[in-house]
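Single-letter residue listing:
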Amino acid sequence: FGTMSRRQEEWTVNEREWQQRVREIINDFTSGSYERGLNKLRESEAVAEGSPDRLTTLAELYFELGHQEMAERLADDAMRLDGERVDLYVLKAQIALQQGDWSEAIRLLEAAEQYDADNPDVLVAFADCYREIGMAEAAIPHLWKLVALADDSPYYWLALGIAQLESGQARDAVQSLVKAHDLDDSDPDILAQLAQALIETGHWEESLSYLSEALRLNPDDVALALQKAILHERVGEKEEAVDLLTRLQEKNPENSEILTR
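Residues numbered from 1 in each chain as written. Predicted model: local features only at pLDDT ≥ 70, side-chain atom pairs only at ≥ 80, totals over all residues. Heavy atoms only, no water.

Remarks on helix H11 (residues 188-200)
The terminal C-alpha atoms of H11, which comprises 13 residues, lie 18 Å apart, in line with the 18 Å expected from a rise of 1.5 Å per residue. Looking only at H11, the buried set comprises Ile190, Leu191, Ala192, Leu194, Ala195, Ala197, Leu198 and Ile199. In this structure, the buried side of H11 is in contact with helix H9 (154-166), helix H10 (170-183), helix H12 (204-217) and helix H13 (222-234). The N-capping residue of H11, defined by a side-chain oxygen 2.8 Å from the backbone nitrogen of aspartate 189, is aspartate 187. In the segment just after H11, glycine 202 is the residue with positive phi, at about 85 degrees. (Helix = DSSP H or I, 4+ residues; strand = E, 2+ residues; numbered from the N terminus. Expected span 1.5 Å × (residues − 1). Buried < 20%, exposed > 50% of the residue type's maximum accessible area, 1.4 Å probe, protein only. Contact = heavy atoms within 4.5 Å. Polar contact = N/O pair within 3.5 Å; in protein donor to acceptor, adjacent residues only side chain to side chain.)

Some remarks on helix H14 (residues 238-251)
Helix length check: H14, at 14 residues, gives a terminal C-alpha distance of 20 Å against a target of 20 Å (1.5 Å per residue), a fit within 8%. If you check which residues of H14 are buried, you get Ala241, Leu244, Leu245 and Leu248. Axial view of H14: buried residues confined to an arc of 95 degrees, hence all on one face. When the buried face of H14 is taken as reference, the exposed residues oriented beyond 90 degrees from it are Glu239, Val242 and Glu250. (Arc of directions from axis to C-beta.)

So, the packing of H11 against H13
One can describe the packing of H11 onto H13 by two numbers: an axis separation of 12 Å at closest approach and a directional angle of 30 degrees. As summarised for this structure, H11 and H13 are arranged roughly parallel, according to the angle between their axes. Classified by chirality, the crossing of H13 by H11 is left-handed. Residues Ala192, Gln196 and Ile199 of H11 form the contact with H13, whose own contacting residues are Leu224, Gln227, Leu231 and Arg234. A per-class count over the contact of H11 with H13 returns four nonpolar, two polar and one charged. (Axes fitted to C-alpha atoms, helices over the stretch in contact; angles between N-to-C directions. Parallel < 35°, antiparallel > 145°, perpendicular 65-115°, else oblique. Left-handed = near helix turned anticlockwise from the far one by under 90°. Nonpolar A, V, L, I, M, F, W, Y, C, P; charged D, E, K, R; others polar.)

Here's the deal with the nonpolar core
Of all hydrophobic cores here, the largest spans 79 residues; its most connected members are Leu41, Leu58, Leu109, Leu143 and Leu177. Discounting residues that sit within four places of it in the chain, leucine 58 has contacts with Trp18, Leu41, Ser44, Glu45, Ala48 and Leu74. (Core = buried A, V, L, I, M, F, W, Y, C linked by side-chain atoms within 4.5 Å.)

This is the structure we're talking about:
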């Protein structure tokens, strides 16, 4: 197969060193060495210059750390080198959304959609954006496209069910969340959302079983336990409600919301 040219070999070594550098930065942040990681991140900008891939990686790291201006600056640098990268449009849309510029976020996602209409990251970002600005119903078509692309993903069905719930489509939400539960019956978020959808459609007793399982998996969720206590009372099981509230109060003596129940 022959040997690599010297230039190819140098590129391989440089790329290997780059990946090692990125891993070190991430390790510093995850281990709590924030300042050291941030210094390495700043130093890496010179190494990333001229490479849209590397600039995008650094921009995403800055964004995750909450440094929006730095993230946007590097994203713009990367976009000048490669203006058709969907991940850059998504990143810039997320920055715009955090800055409260909803129209700009949607404009950027629409631009990304022109390049790759079926990109899952674009569809998720669209859905998140519309839900963030209180337009859950507008998120639903994007989420339907998402589940059509991967109908074996419980998390996509969960996202669709949540958006349907938020837009007042509780019956449709039950169907979506049942599908999510069929794919993953041990996720407390799916269980809790399915319980909520069943409550909103009047199926209180059926909801209790899902709430119980969600609480078993996440026993420290006070909001979930309060919801279960309220539901016990609604179906006439006052003793169960009182018992649950008593145990909650013992575990959380400073929670005033429990006392008001």
